[in-house]
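Tertiary structure, described
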Amino acid sequence: MESLYTGAIHGFHQPNAGVMANGFSTGIASSFDQDGVLSLIVVLGGSLSLVALVFAFITYSLFSDLRSLAGTTLMNLLAALFMVQLLFIVGVGGVQDSELCISLGLSLQYLRVSVVCWLAAMCHHLYATVASIPRRDDPPTYLKYSVFAWGAPLVTLALATLLQSRESNDFWNVVDLTPFNCWFLGTNATVYAYGLPIVLLLLASGYYLVKAAIVSRYTCSMQLEIKQREKMKRRRTLQLMLFLKVCLIVGLVAACGVASRVWKMPFLWAVFCTGHSLQGLSVALSVACNCRVLKVYARKSHSQPQQIAKSSSSMQLLAPAPDPV
């Protein structure tokens, strides 16, 4: 199975490389596709994102201090984002097989919405933590988050399938999907089954972040000790900025994708592909390089010399006394 990218790299002949789909070149930006530059950016940037996401996931899996409910929800977000990056690389340049292209489009539709659902769940848990809501870390809470984040995207997927079948007479006709790496469905499905749910989920995330900021400011003002108040304020500010940064990254990439799919602008498509390829890297670095993770690394590195010293002293006690000279 050959894509435009593999054809450009390996010299395969693409007979339909100049076909127009709804008045839009299958290459999106011919100057990019002729040299394979845009596809190469997606592959290289996506590969870096995959490595960074794996590193962040392993980091939160190894340390018990990070395996809280907040860390578990974050690992689910990283896993969903990893699959999004991987499938987008698979479809780079356009997949010629119609069934595989549709499968990629449906899978990416589901996973992409799932990423934002997990982000909304993380923002809700942050608010629950700041507001000290009872039983916020109990197992049923994680079960509710899982049902929401993995189940709600199925509704948007069913809606996207319905809209796509009505918009296109032939559901398996991928002429309009191939230029977009099979990532999006038709225009109506993109707007109503992807763009609108993403906007609502991001608004919900922003709502909980604003409430968390208000409650955090009120809680910090009640602290009598200045050092304790400043420490709490600094910690909450870092948490809020981290969540806000992730929301902005995901939201901007999604906005570029919807705009490029609806308006069919080559520049927006190039921006989207570049941003999408680096999205996982940006999110992984943001969550893996925050202060809490760095403190865990520092604490582990400081504890190792102490353990070595204790073990060496115990071995000295077991060793026989040296012979007198």
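Everything quoted here is computed from the prediction, not taken from an experiment. Residue numbers restart at each chain and count upward from 1, following the sequence in its written direction. The predicted origin of the model limits local features to residues at a pLDDT of at least 70 and limits the giving and counting of side-chain atom pairs to 80 or more, whereas totals for whole chains, interfaces and linings rest on all residues. Side-chain measures were taken over the full set of non-hydrogen atoms in the model, leaving aside hydrogen atoms and water.

A few points about the UniProt feature "transmembrane region" (unreviewed entry) in the protein
Heads up, the condition is: UniProt positions are given in the numbering used here, feature names are shortened, and annotations may be inferred rather than shown by experiment. Secondary structure follows DSSP: runs of H or I at least 4 residues long count as helices, runs of E at least 2 residues long count as strands, and numbering of each begins at the N terminus.
The feature "transmembrane region" (unreviewed entry), as annotated in UniProt, sits at residues 37–63, 75–95, 110–130, 142–163, 183–210, 237–260 and 266–291 in this numbering. Spanning residues 37–63, this segment combines 96% helix with 0% strand, and its end C-alpha atoms are found 40 Å apart. From the first C-alpha to the last, residues 142–163 spans 32 Å; its make-up is 100% helix and 0% strand.

Observations concerning the environment of Trp-118
Counted only if it meets this: Under the scheme applied here, a residue whose accessible area is under 20% of the maximum for its type counts as buried, over 50% as exposed, and between as partly exposed, the area being computed with a 1.4 Å probe on protein chains only.
Note that Trp-118 resides in helix H5 (residues 98–130). Residue Trp-118 is classed as buried on the basis of its relative accessible area, which comes to 0%. Sequence separation between Trp-118 and Asn-76 is 42 residues, and the spatial gap between their C-alpha atoms is 7.1 Å.

Observations concerning unusual backbone geometry
One non-glycine residue, Lys-264, adopts positive backbone phi at about 55°. Inspection of the secondary structure puts Lys-264 in the loop between helix H8 (226–263) and helix H9 (266–288).

Looking at the nonpolar core
This is how the line gets drawn: By nonpolar core is meant a set of buried Ala, Val, Leu, Ile, Met, Phe, Trp, Tyr and Cys residues that side-chain atoms within 4.5 Å join together. Contacts are assigned to residue pairs with any non-hydrogen atoms lying within 4.5 Å of each other.
Leu-77, Leu-78 and Val-287 are the most contacted members of the largest nonpolar core, which has 71 residues in total. Element by element, the count of residues in this core is highest for H5, at 19 residues. Not counting chain neighbours up to four residues away, the residues in contact with Leu-78 comprise Leu-53, Ala-56, Phe-57, Val-283 and Val-287.

Details of H8
So the rule is basically this: The span expected for a helix works out to 1.5 Å for each residue beyond the first.
The end-to-end C-alpha distance of H8, which contains 38 residues, comes to 53 Å, matching closely the 56 Å that a straight helix rising 1.5 Å per residue would cover. Directly after H8, the chain includes Lys-264, whose backbone phi takes a positive value near 55°.

What to know about the side chain of Ser-114
Its location among the elements puts Ser-114 in helix H5. Taking relative accessible area as the criterion, Ser-114 reaches 0% and is therefore assigned buried. Excluding residues within four positions of it along the chain, Ser-114 makes contact with Ala-80, Ala-149, Trp-150 and Pro-153.

Examining the confidence of the model for the protein
Cut-off, in case you're wondering: Note: pLDDT gives the predictor's confidence per residue, expressed from 0 to 100.
A residue-level look at the protein finds 75% of positions with pLDDT of 70 or above and a mean pLDDT of 77. Here helix H1 (residues 4–10) stands out as the least confident element of the protein, with mean pLDDT 37; helix H4 (residues 69–90) is the most confident, with 92. Every residue in residues 1–32 scores below 50 in pLDDT, and together they form 58 contacts with partners more than four places removed in sequence or on other chains.

Considering the packing of aromatic side chains
Going by this rule: In this analysis, rings of Phe, Tyr and Trp, with Trp reduced to its six-membered ring, are considered paired at centre separations within 6.5 Å, and the interplanar angle assigns stacked below 30 degrees, edge-to-face beyond 60, and tilted for intermediate values.
This structure, assessed with the given rule, holds 6 aromatic pairs. Ring centres of Phe-88 and Phe-272 lie 5.9 Å apart, and the angle between their planes is 85°; on these two criteria the pair is classed as edge-to-face. Residue Phe-88 is found in helix H4, and its partner Phe-272 is found in helix H9; the two are separated by 184 residues along the sequence. The exposure classification of Phe-88 matches that of Phe-272, with both residues buried.

Concerning the packing of helix H3 (residues 37–62) against H9
For any two helices packed against each other, one specifies the crossing angle of their axes together with the interaxial distance. Rule in force here: Fitted lines through C-alpha atoms serve as axes, helices being fitted only where they are in contact, and the angles separating the N-to-C directions of these axes extend from 0 to 180 degrees. Reported orientations rely on four angle classes, namely roughly parallel under 35 degrees, roughly antiparallel over 145, roughly perpendicular from 65 to 115, and oblique for the rest. Two helices cross in a left-handed way if the nearer one is turned anticlockwise from the farther one by less than a right angle. They cross in a right-handed way if the turn is clockwise. Here the nonpolar group is Ala, Val, Leu, Ile, Met, Phe, Trp, Tyr, Cys and Pro; Asp, Glu, Lys and Arg are the charged ones; every other residue, Gly included, is treated as polar.
Packing of H3 against H9 brings their axes to within 8 Å, and their N-to-C directions diverge by 20°. Classified by the angle their axes make, H3 and H9 are roughly parallel. Judged by the sense of rotation from one axis to the other, the crossing of H3 with H9 is left-handed. Together, Leu-38, Ile-41, Val-42, Gly-45, Gly-46, Leu-48, Ser-49, Ala-52, Leu-53, Phe-55, Ala-56 and Tyr-60 of H3 and Trp-269, Ala-270, Cys-273, Thr-274, Ser-277, Leu-278, Gln-279, Gly-280, Leu-281, Ala-284, Val-287 and Ala-288 of H9 make up the contact between the two elements. In the contact of H3 with H9, the residues fall into 17 nonpolar, 7 polar and no charged.

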